[in-house]
Amino acid sequence: MAKVLAITNQKGGVGKTTTAVNLAACLGALGRRVLLVDFDPQGNATSGIGLDKTALERTVYQVVIGGENVREVIRRTEFDLDVLPSNVDLAGAEVELATTGEGRETRLKAAIGQVRDDYDFILIDSPPSLGLLSLNVLTAADGVLIPIQCEFYALEGVSELMRTLDLVRDGLNPSLEVSGVLLTMFDARTNLSGQVAGEVRAFFKEKVYETVIPRTVRLSEAPSYGMPIIAYDIHAKGAEVYAELAKEVDARG
């Protein structure tokens with residue numbers, strides 16, 4: 001049965017989608033069966049894995065709102081992973097779920113439950129705001145992977161995220177855990193990155209992955225070509241570090 005990891009942080013621009021796409025691809029390269037669930041209305045994970053999100057007739061929206069069979073919506077990719085895609089249609093789900101009665105926070109969990117035995121890892125790219133979409137993600141997950149950028153105000157919003165996790169544990173998903181914390185956008189040339197990394201490690205202790213993701217041009221370029229970094233440039237530093245992260249996640253999983 002798959003380990004379900006939500007890649008989440010209520011603060012935007014911390015590398016959630018970059019991590020979701022590249023970690024999924026690197027776990028696939030290790031021989032693991034991987035499903036990447038794009039649950040962000042922006043659909044950047046979908047396009048980052050090479051799908052034209054504007055041309056999709058069926059997405060995760062049709063699964064959680066329309067009740068479509070999730071297996072019929074999952075798409076194979078040219079990389080070592082499958083994807084449950086998303087596009088802007090999912091933005092309407094927030095409003096539609098708000099008018100739904102009992103079970104509105106468990107739609108994604110129910111959908112994923114149909115395919116958990118088909119995979120080793122299911123990674124969910126989360127929206128950068130707290131609402132019913134995010135609650136669906138946290139209710140469906142076994143654990144959360146929290147990317148935190150090594151920049152000023154890095155820990156801003158983290159205490160709010162931890163309170164949210166506590167609320168979800170109390171009412172919707174008692175077994176939800178922090179599976180790991182990932183330092184992203186690290187710049188070895190600055191003292192600030194080192195200071196932030198130290199603060200994060202002091203706060204989360206052993207939850208912080210040893211692997212640190214640097215700020216690199218190749219990582220930024222890869223999504224515009226619809227490729228994970230290991231397909232875009234296998235020799236890039238970004239490919240090396242995400243391959244190392246995949247080994248850490250696999251070992252913990």
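Up top is the structure these notes are about.
Residues numbered from 1 in each chain as written. Predicted model: local features only at pLDDT ≥ 70, side-chain atom pairs only at ≥ 80, totals over all residues. Heavy atoms only, no water.

Enquirer: Kindly report on the state of the cysteines, identifying the contributing residues and their values.
Expert: Tallied over the full model, the rule gives zero disulfides. Cys-26 supplies the cysteine sulfur nearest to Cys-150, a cysteine that is in no disulfide, at a spacing of 19 Å. On the accessibility criterion, Cys-150 (2% relative accessible area) is buried. (Disulfide = S-S within 2.5 Å. Buried < 20%, exposed > 50% of the residue type's maximum accessible area, 1.4 Å probe, protein only.)

Enquirer: Got a sec to walk through the packing of helix α5 (residues 91-98) against helix α7 (residues 132-140)? Specific residues and values, please.
Expert: At a minimum axis distance of 8 Å, the contact between α5 and α7 shows a crossing angle of 85°. Classed by the angle they form, the pair α5 and α7 counts as roughly perpendicular. For the pair α5 and α7, contact is made by Ala-93, Glu-94, Leu-97 and Ala-98 and by Leu-132, Leu-133 and Asn-136, respectively. Among the residues forming the contact of α5 with α7, the class breakdown is five nonpolar, one polar and one charged. (Axes fitted to C-alpha atoms, helices over the stretch in contact; angles between N-to-C directions. Helix = DSSP H or I, 4+ residues; strand = E, 2+ residues; numbered from the N terminus. Parallel < 35°, antiparallel > 145°, perpendicular 65-115°, else oblique. Contact = heavy atoms within 4.5 Å. Nonpolar A, V, L, I, M, F, W, Y, C, P; charged D, E, K, R; others polar.)

Enquirer: Outline the packing of aromatic side chains, supporting the account with residue identities and numerical values.
Expert: As enumerated under the stated definition, the model contains two aromatic pairs in all. Both rings, one in Phe-203 and one in Phe-204, keep their centres 4.7 Å apart while their planes meet at 75°; by these two values the pair is edge-to-face. The buried category is assigned to Phe-204, whose relative accessible area is 8%. Ring centres 5.1 Å apart and planes at 25° place the aromatic pair Tyr-225 and Tyr-232 in the stacked group. Assessed through its relative accessible area of 53%, Tyr-225 is described here as exposed. According to the relative accessible area criterion, Tyr-232 is buried, its value standing at 19%. (Phe/Tyr/Trp six-rings, centres within 6.5 Å; stacked < 30°, edge-to-face > 60°.)

Enquirer: Describe the layout of surface pockets, naming the residues involved and giving the relevant values.
Expert: Volume-wise, the largest pocket comes out at about 290 Å³. Lining the largest pocket are 23 residues, with Gly-15, Lys-16, Thr-17, Thr-18 and Asn-44 sitting closest to its centre. Here the lining of the largest pocket takes five residues from helix α1 (residues 16-29), the largest share from any one element. Considering only residue class, the lining of the largest pocket consists of 10 nonpolar, 10 polar and three charged. The volume enclosed by the second largest pocket comes to roughly 210 Å³. Together, Gly-15, Thr-18, Thr-184, Met-185, Ile-213, Pro-214, Arg-215, Thr-216, Leu-219, Ser-220, Pro-223 and Tyr-242 line the second largest pocket. At the level of secondary structure, the elements contributing two or more residues to the lining of the second largest pocket comprise β7 (177-186), β8 (208-214) and α10 (217-221). By residue class, the composition of the lining of the second largest pocket is six nonpolar, five polar and one charged. (1 Å grid on protein atoms, 1.4 Å probe; cavity = no way out; pocket = protein on both sides within 12 Å on 5 of 7 lines; lining within 4 Å. Points joined across faces, edges and corners; volume = space filled by probe spheres on them.)

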